[in-house]
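Chain by chain, the residues run as shown.
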Amino acid sequence: LMQPRDYQQEVNDACMAYLKRDAYKGPAVINASVGAGKSVLIAAIAKHCAETRLPDRPCRALIIQRQGELCKQNSDAAFEFGVTQQCCYSASLNRKGTAYPIIFGTEGTVYNALQSDFIAYPVDIIMIDECHMCDFDNPDTQFMKIISHFMQLNPNTRILGYTGSPYRGTDSIIGPFWRQLIGNIST
């Protein structure tokens with residue numbers, strides 16, 4: 001099984017501490033430059049979720065990517081990390097599973113299923129790969145409608161964003177939506 005490197009484990013520990021109820025202060029960002037292992041960081045949190053049972057159901061994680069290629073890459077990394085009970089929900093991969101509590105999905109496909117497969121499917125953690133690409137300033141975007149939907153189902157849903165650059169153009173994404181940077185792996 002794959003194991004995180006020391007610097008990845010340090011960021012994972014910071015993420016886990018942040019996700020605990022008393023420390024959580026809203027959506028947070030992990031900045032990990034190219035080659036730092038965003039897929040490994042996502043897999044580590046997914047593994048924790050897969051091993052956690054809530055009083056009434058398993059802990060659920062939804063990992064959102066913009067493209068099927070990233071969806072498959074993150075799903076494969078999680079599998080190598082030991083997360084075997086997982087599904088992909090991506091039209092471009094021709095897979096739409098919700099049987100397991102860990103779901104790797106593409107933004108558009110998940111959005112299109114909010115009123116069907118995900119209508120009553122609360123999640124506990126949402127992780128967003130390439131979060132700097134998401135238009136969080138506009139409540140009418142697919143991304144924000146997905147967040148709003150799952151927050152209505154579970155107001156305690158935790159949100160982590162992963163990026164190689166916490167900027168959109170020259171503007172930092174840290175602000176009203178992404179509250180803080182909790183991990184940084186530079187080159």
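See above for the structure.
This text gives an overview of the structure that appears in the document. Remember, predicted model here, so these are calculated numbers, not experimental data.

How each quantity is defined
- Residues numbered from 1 in each chain as written.
- Predicted model: local features only at pLDDT ≥ 70, side-chain atom pairs only at ≥ 80, totals over all residues.
- Heavy atoms only, no water.
- Buried < 20%, exposed > 50% of the residue type's maximum accessible area, 1.4 Å probe, protein only.
- Helix = DSSP H or I, 4+ residues; strand = E, 2+ residues; numbered from the N terminus.
- Contact = heavy atoms within 4.5 Å.
- Salt bridge = Lys/Arg side-chain N within 4 Å of Asp/Glu carboxyl O.

### With respect to unusual backbone geometry
Moving on, step 1. At N94, a position not held by glycine, the phi torsion is positive, near 60°.
Moving on, step 2. Under the relative-accessibility criterion, N94 is labelled exposed at 73%.
Moving on, step 3. Residues other than glycine seldom take positive phi values, yet E130 does so here, at roughly 60°.

### Observations concerning the environment of M144
Moving on, step 1. Residue position: M144 is located in helix α5 (residues 142–153).
Moving on, step 2. According to the relative accessible area criterion, M144 is buried, its value standing at 14%.
Moving on, step 3. Along the sequence, M144 and C134 sit 10 residues apart, while their C-alpha atoms lie 8.4 Å from each other.
Moving on, step 4. Those residues within four positions of M144 in sequence are excluded, and the remaining contacts are D135, F136, N138, P139 and F177.

### Here we look at the pattern of salt bridges
Moving on, step 1. Counted according to the given criterion, the structure contains five salt bridges.
Moving on, step 2. Residues E51 and K47 are paired through a salt bridge, measuring 3.5 Å at the closest nitrogen-oxygen approach.
Moving on, step 3. On the basis of relative accessible area, E51 is assigned to the exposed category, the value being 56%.
Moving on, step 4. Residue classification places K47 among the partly exposed positions, given a relative accessible area of 22%.
Moving on, step 5. When the shortest N-O distance is used, the salt bridge between D124 and R57 registers 2.8 Å. Placement of the pair is D124 in the loop between α4 (107–112) and β6 (125–129) and R57 in the loop between α2 (38–50) and β2 (61–65), with a sequence separation of 67 residues. No difference in accessibility class separates D124 from R57, as the two residues are buried.

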